[in-house]
Amino acid sequence: MAGRTVVITGASDGIGAAAARELSRQGEEVVVIGRSADKTAAVAAELGAASFTADFARLDDVRELAGQLLARYPRIDVLANNAGGLMGPREGTVDGHEKTFQVNHLAPFLLTMLLADRLAESRATVIATSSVAHRLYSDFDIDDLESRRRYRPELAYGNAKLENILFTRELHKRFHDRGISSAAFHPGVVATSFSAGSQSGLRVMYGSVLNRVILSPAKGADTLVWLATTTPDLDWPSGGYFAKRKPARLKKGVDDPALAAALWDRSSAMVRR
């Protein structure tokens, strides 16, 4: 299966960069996507890979990125929607959306939809980096996707990670017959800079002495690499949520098909021009 085109967002650091290194080592053509031009270019140069920059807090950046990918790659075999993070105080984007929601869910939703035909033609796998935070911190309200009624960094992040799973399940339902397989995964508690912009308790935990016992980015990327290099519906069921290369426990209610469909429809309306 080596030599396929694997697009990884959030690949300038942390889990994404670690996955890019391992997949490149295995012979895949990795495409490195990141927000920081310097960091993204550095990882790409290390691997001899192509790179593109995009800020997921700007949906026009996502649209431009999709156009660049479609123009350059006749096949996209894997799309790893790994970009995301834990934010600070509630902040709106230039598109008018709450930043946590947009960066972690709405932007990857838009990117996947813009690439959907190419992904289907390629019989691609779409992977979402979710988190056990969807069980620990979420209190999902389909009528408050923008966290206007209640906002805490951890709550918004937990809801976004739950949305990643809902999107994965609905993507399977709507596109699996066309050739797209999907999976979400929890990387483990990983020592990365994903919470650097937040002052939440989670940021304190990730930056504390707990870094001595939590996983390295390379270990956190293991399940992503496994999903990217194995065969859907043979090695793992499409539409599932995984941790440590095995199906993982979901929060009660996340398997509600009506909720997944509602999130899809509302997300579609939000990114429609």
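Read on for a plain summary of the structure.

Thresholds, definitions, all that
Residues numbered from 1 in each chain as written. Predicted model: local features only at pLDDT ≥ 70, side-chain atom pairs only at ≥ 80, totals over all residues. Heavy atoms only, no water. Helix = DSSP H or I, 4+ residues; strand = E, 2+ residues; numbered from the N terminus. Rg over C-alpha atoms; globule rule 2.2 N^0.38 Å. Buried < 20%, exposed > 50% of the residue type's maximum accessible area, 1.4 Å probe, protein only. Contact = heavy atoms within 4.5 Å. Areas by Shrake-Rupley, 256 points an atom, 1.4 Å probe, with all protein chains shown as cover. Lys, Arg positive; Asp, Glu negative; His and termini not counted. Charge placed at Lys NZ, Arg CZ, Asp CG, Glu CD. Axes fitted to C-alpha atoms, helices over the stretch in contact; angles between N-to-C directions. Parallel < 35°, antiparallel > 145°, perpendicular 65-115°, else oblique. Left-handed = near helix turned anticlockwise from the far one by under 90°. Core = buried A, V, L, I, M, F, W, Y, C linked by side-chain atoms within 4.5 Å. Salt bridge = Lys/Arg side-chain N within 4 Å of Asp/Glu carboxyl O. Phe/Tyr/Trp six-rings, centres within 6.5 Å; stacked < 30°, edge-to-face > 60°. Pairing = 2+ DSSP bridges. Polar contact = N/O pair within 3.5 Å; in protein donor to acceptor, adjacent residues only side chain to side chain.

1. Here we look at the overall build of the protein
Okay, step 1: When helices and strands are counted, the protein shows 11 helices and 8 strands.
Okay, step 2: Against the globule reference of 19 Å for 273 residues, the protein gives a C-alpha radius of gyration of 17 Å, in line with a compact fold.
Okay, step 3: Over its C-alpha atoms, taken along the principal directions, the protein stretches across nearly 45 × 40 × 35 Å.
Okay, step 4: By the burial criterion, 55% of the 273 residues in the protein qualify as buried.
Okay, step 5: Look at the contacts in the protein between residues 6 or more apart in sequence, and 74% of them connect residues 24 or more apart.
Okay, step 6: Accessible area of the protein: about 11900 Å², with a carbon and sulfur share of 49%.
Okay, step 7: The centroid of the 35 positive side-chain charges in the protein is displaced by 4 Å from the centroid of its 31 negative side-chain charges.

2. Points about the packing of helix H1 (residues 14-25) against helix H2 (residues 37-47)
When two helices pack together, their arrangement is given by the angle between the helix axes and by the axis-to-axis distance.
Okay, step 1: Relative orientation of the contacting elements H1 and H2 amounts to 15°, with a least axis distance of 10 Å. For the element pair H1 / H2, the angle class is roughly parallel. Relative to H2, H1 is oriented so that their crossing is right-handed. Contacts from Ala 17, Ala 20, Arg 21 and Ser 24 of H1 reach H2 at Val 43, Glu 46 and Leu 47.

3. Some details on the nonpolar core
Okay, step 1: Counting 50 residues, the largest nonpolar core has Phe 56, Leu 65, Leu 69, Leu 111, Leu 115 and Leu 119 as its most contacted members.
Okay, step 2: Among the secondary structure elements, those contributing two or more residues to this core are strand S2 (29-34), strand S3 (50-53), helix H3 (59-72), helix H4 (99-114), helix H5 (116-121), strand S5 (125-129), helix H7 (153-175) and helix H11 (257-271).
Okay, step 3: In terms of residue count, the dominant contributor to this core is H4 (7 residues).
Okay, step 4: Here Leu 119 is in contact with Ile 76, Leu 79, Thr 112, Ala 124, Val 126 and Ile 180, once residues within four sequence places are set aside.

4. Topic: the pattern of salt bridges
Okay, step 1: The final tally for this structure, using the stated rule, is 16 salt bridges.
Okay, step 2: Residues joined in a network through salt bridges with shared partners are Asp 60, Arg 63 and Arg 273.

5. Observations concerning the packing of aromatic side chains
Okay, step 1: Tallying each qualifying case throughout the model produces 6 aromatic pairs.
Okay, step 2: Seen from their ring centres, Phe 167 and Trp 264 are 5.5 Å apart, and the 25° between their planes marks the pair as stacked. Separated by 97 residues along the polypeptide, Phe 167 in helix H7 and Trp 264 in helix H11 bring together distant segments of the chain.
Okay, step 3: On the basis of relative accessibility, which here comes to 8%, the residue Phe 167 falls in the buried class.
Okay, step 4: Owing to a relative accessible area of 6%, Trp 264 belongs among the buried residues under this scheme.
Okay, step 5: An aromatic cluster is defined as three or more aromatic residues linked by ring pairs; in this entry it consists of Phe 109, Phe 167, Phe 175 and Trp 264.

6. Examining the sheet that holds strand S4 (residues 78-81)
Okay, step 1: As summarised here, the arrangement of the 8 strands in space is S3-S2-S1-S4-S5-S6-S7-S8, forming an open sheet in which the pairing is mixed. The open sheet terminates on both sides in strands that have one partner only, identified here as S3 and strand S8 (246-247).
Okay, step 2: Bridging between strand S6 (residues 181-186) and strand S7 (residues 240-243) involves 4 bridges; their strand directions are parallel. The residue of S7 that forms the bridge with Ala 183 is Gly 240.
Okay, step 3: Lying over the sheet, H2 contacts S2 and S3, oriented at roughly 170° with respect to S3.
Okay, step 4: H4 contacts S4 and S5 of the sheet and is inclined by roughly 165° relative to S4.

7. Brief notes about the side chain of His 97
Okay, step 1: As for its position among the elements, His 97 is in the loop between S4 and H4.
Okay, step 2: With relative accessibility at 9%, the residue His 97 sits in the buried group.
Okay, step 3: A distance of 2.6 Å separates the side chain of His 97 from the side chain of Glu 146, its partner in a polar contact.
Okay, step 4: Contact partners of His 97, with chain neighbours within four places excluded, come to Leu 59, Glu 91, Gly 92, Gln 102, Leu 106, Glu 146 and Met 270.

8. Focus: the pairing of S4
Working note: regular strand, side chains alternate between the two faces of the sheet.
Okay, step 1: Of the two faces of S4, both are covered, the one formed by Val 78 and Ala 80 as well as the one formed by Leu 79 and Asn 81.
Okay, step 2: Both strand S1 (residues 5-8) and S4 contribute to a ladder of 3 bridges, which runs parallel. The residue bridging Val 6 from the neighbouring strand is Val 78, located in S4.
Okay, step 3: Direction of pairing for S4 relative to S5: parallel, over a ladder of 4 bridges. Within the sheet, the bridge partner assigned to Leu 79 lies in S5 and is Val 126.

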